[in-house]
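Chain and residue survey
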Amino acid sequence: MDCRSVYMTATTTEMLDRWEEHLASRPGDPLEISAEMSRLTLGIVSRTLFSTDVSGEAEGVGKALEFALQDGFSRVGRFVTLPFDLPTPANRRHLAAIRTLDRIVYGLIDGRLRSGEKKDDLLGMLLEARDEETGEGIGRKQLRDEVITILSAGYETTARALTWTFYLMDRNPEQAAKLREELETALGNRKPNYEDMERLKYTRRFIQESMRLYPPVWGLARLARKDDEIGGCHIPKASRFIISAYVTHRHPELWENPELFDPERFAPERSEGRPKYAYFPFGGGPRQCIGVNFATLEAVLVVAMVARRFGLSLVPGHQVEMEPSFTLRPRYGMPMLPNRN
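Residues numbered from 1 in each chain as written. Predicted model: local features only at pLDDT ≥ 70, side-chain atom pairs only at ≥ 80, totals over all residues. Heavy atoms only, no water.

Structural notes on the overall build of the protein
Assigned secondary structure in the protein consists of 11 helices and nine strands. The C-alpha atoms of the protein give a radius of gyration of 21 Å, which matches the 20 Å a tight globule of 341 residues would have. Seen along its three principal axes, the alpha-carbon backbone of the protein occupies a region of about 60 × 55 × 45 Å. Sorting the 341 residues of the protein into buried and exposed places 46% on the buried side. For the protein, the share of sequence-separated contacts (at least 6 apart) that also reach a separation of at least 24 residues comes to 70%. Looking at the protein as shown, the accessible area adds up to about 18,200 Å², and 53% of this sits on carbon and sulfur atoms. Counting 47 positive and 49 negative side-chain charges, the protein places the averaged centre of each group 3 Å from the other. (Helix = DSSP H or I, 4+ residues; strand = E, 2+ residues; numbered from the N terminus. Rg over C-alpha atoms; globule rule 2.2 N^0.38 Å. Buried < 20%, exposed > 50% of the residue type's maximum accessible area, 1.4 Å probe, protein only. Contact = heavy atoms within 4.5 Å. Areas by Shrake-Rupley, 256 points an atom, 1.4 Å probe, with all protein chains shown as cover. Lys, Arg positive; Asp, Glu negative; His and termini not counted. Charge placed at Lys NZ, Arg CZ, Asp CG, Glu CD.)

Dropping the structure here:
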């Protein structure tokens, strides 16, 4: 059995059991699904890649990563940047965010080094890696950088994709019912696993359609390697430009009825002839997200397990508005009421 799916289903089961307790002790109280998904995916990625559960740090990690990345992006676009040793409010917040990340990440690294354990996970692979010429291992600072990169890519984007998917399940009951029918047929009463990926075709299409309408990474920055021309506009070499998945995914020349939620548009017969980069929630080319397969497996298993046990309904009157931050987030959160299926 695939060890990744074991960690994913175990962590999701723990979350669902906690929801059961919530429903029993606080009936009528909503769950903040955006925060729940962050906690879940951080637990999954830390267990799967580092054999450690740091899901309790989800809020701190999320806020620290959000601020550090946003501040980094804004500094790139400034004509003048102030050094970090100047005690401005923004610099103090930036350094506080870095300290939070360092505390967690160096804790993972140093804990493993102290234990002397050799584990078959990503951190173990990084610790065992050696330079082919010198035989030297990866330094502690580089290890920290690699772990932060993987943590940020491995949990934030998937958490946002899942949040929007559960919102769309509530907004589209006919398609949600079809998804549950597939789960009933394919799984019965058992938990999903890696081998079920081929059986859960509609579930996967449901998630693909969710990421079309609400791509977690809504825009990508790229640098022109040479002079080019796009739509009659000259692009000089070394120009920095933004490619927007959100805009492309809703372009009427690429998608029929682009605002309509329709998972079946990803069926093979309807995908034929669609341009390759009409859909790129994970980027594309040599810089496509390295975790695309991991994230896809994770999303399918989580959606399948949640949909089998619970329905989630948006709190009546709650305003849902997109916030194009580092990822595409619900600006005011996503409070939803759980009910047993």
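Having seen the model, we can carry on.
What about the sheet that holds strand E9 (residues 335–340)?
Pairing in this open sheet of three strands is antiparallel, and the strands run E1-E9-E6 from one edge to the other. The open sheet has two free edges, formed respectively by strand E1 (31–32) and strand E6 (310–314), since each of these has just one partner strand. The sheet contact formed by E1 and E9 spans two bridges and is antiparallel. Bridge assignment links Leu31 to a residue of E9, and that residue is Met336. (Pairing = 2+ DSSP bridges.)

Quick notes on the side chain of Ser210
Tracing the sequence through the fold places Ser210 in helix H8 (residues 201–213). Residue classification places Ser210 among the buried residues on the basis of a relative accessible area of 1%. The contact partners of Ser210, leaving out residues within four places of it in the chain, are Ala161, Trp164, Thr165, Leu168 and Phe261.

A word on the nonpolar core
If you look at the biggest cluster of nonpolar residues, it comprises 78 residues, and the most contacted ones within it are Trp19, Ile33, Met37 and Phe166. Leave out the neighbours within four places in its chain, and Ile33 touches Trp19, Thr163, Phe166, Leu312, Met334 and Met336. (Core = buried A, V, L, I, M, F, W, Y, C linked by side-chain atoms within 4.5 Å.)

Description of helix H1 (residues 3–25)
Along its 23 residues, H1 runs 33 Å from first to last C-alpha, staying within 8% of the 33 Å computed at 1.5 Å per residue. Along H1, the positions that sit buried rather than exposed are Ser5, Met8, Thr9, Thr11, Thr12, Thr13, Met15, Leu16, Trp19, His22 and Leu23. Next to the buried residues of H1 lie E1, helix H2 (33–50), helix H11 (292–309), E6 and E9. (Expected span 1.5 Å × (residues − 1).)

With respect to helix H7 (residues 173–187)
For H7, which comprises 15 residues, the first-to-last C-alpha distance of 20 Å matches the rise-based estimate of 21 Å (1.5 Å per residue) to within 8%. Trailing H7 by a residue or two, Gly188 shows a phi angle of about 65°, which is positive.

As for the packing of aromatic side chains
For the structure on display, the rule yields nine aromatic pairs. Feature note: the residues Trp164, Tyr167 and Tyr214 constitute an aromatic cluster, connected by ring pairs. Lying over the aromatic face of Tyr106, Arg140 brings its terminal NZ or CZ to 3.9 Å of the ring centre. (Phe/Tyr/Trp six-rings, centres within 6.5 Å; stacked < 30°, edge-to-face > 60°. Lys NZ or Arg CZ within 6 Å of the ring centre and 35° of its normal.)

Here's the deal with the environment of Leu301
Tracing the backbone through its elements, the reader meets Leu301 in helix H11. For the pair Leu301 and Met197, spaced 104 residues apart in sequence, the C-alpha to C-alpha distance is 8.4 Å. If we skip the residues at most four places from it in the chain, Leu301 touches Ser5, Met8, Thr9, Pro192 and Asn193.

Section: the packing of H1 against H11
Between H1 and H11, whose axes approach to 10 Å, the crossing angle comes to 35°. Between H1 and H11 lies a crossing whose hand is right-handed. Here Arg4, Ser5, Met8, Thr9, Thr12, Thr13, Met15, Leu16, Asp17, Trp19 and Glu20 of H1 lie close against H11, whose contacting residues are Phe294, Leu297, Glu298, Leu301, Val302, Met305, Val306 and Arg309. Class assignment of the residues belonging to the contact of H1 with H11 gives a composition of 10 nonpolar, four polar and five charged. (Axes fitted to C-alpha atoms, helices over the stretch in contact; angles between N-to-C directions. Left-handed = near helix turned anticlockwise from the far one by under 90°. Nonpolar A, V, L, I, M, F, W, Y, C, P; charged D, E, K, R; others polar.)

A short note on the packing of H1 against H2
Where H1 meets H2, the axes come as close as 9 Å, and the angle between the chain directions of the two elements is 145°. In the crossing of H1 with H2, the sense of the turn from one axis to the other is right-handed. Packed against H1, whose contacting residues are Arg4, Tyr7, Met8, Ala10, Thr11, Thr12, Glu14, Met15, Arg18 and Trp19, the element H2 presents Ile33, Glu36, Met37, Arg39, Leu40, Gly43, Ile44, Arg47 and Thr48 at the interface. In terms of residue class, the contact of H1 with H2 is built from nine nonpolar, four polar and six charged.

Here's the deal with the pattern of salt bridges
On inspection of all chains with the given rule, the structure shows 25 salt bridges. Note that Arg144 and Asp102 form a salt bridge whose closest N and O atoms lie 2.7 Å from each other. Within this pair, whereas Arg144 is found in helix H6 (residues 140–171), its partner Asp102 is found in helix H4 (residues 89–115), the two being separated by 42 residues in sequence. Here Glu209 ties to Arg212 by a salt bridge, and the two come within 2.7 Å at their closest N and O atoms. Taken together, the residues Glu209 and Arg212, both in helix H8 and three residues apart, mark about one turn of the helix. Comparing Glu209 with Arg212, the two get one shared label, buried. Within the structure, one salt-bridge network assembled from shared partners comprises Asp17, Glu20, Arg309 and Arg340. (Salt bridge = Lys/Arg side-chain N within 4 Å of Asp/Glu carboxyl O.)

Concerning the environment of Lys226
Along the chain, Lys226 falls in the loop between strand E2 (219–223) and strand E3 (228–230). The class of Lys226 is exposed, set by a relative accessible area of 62%.

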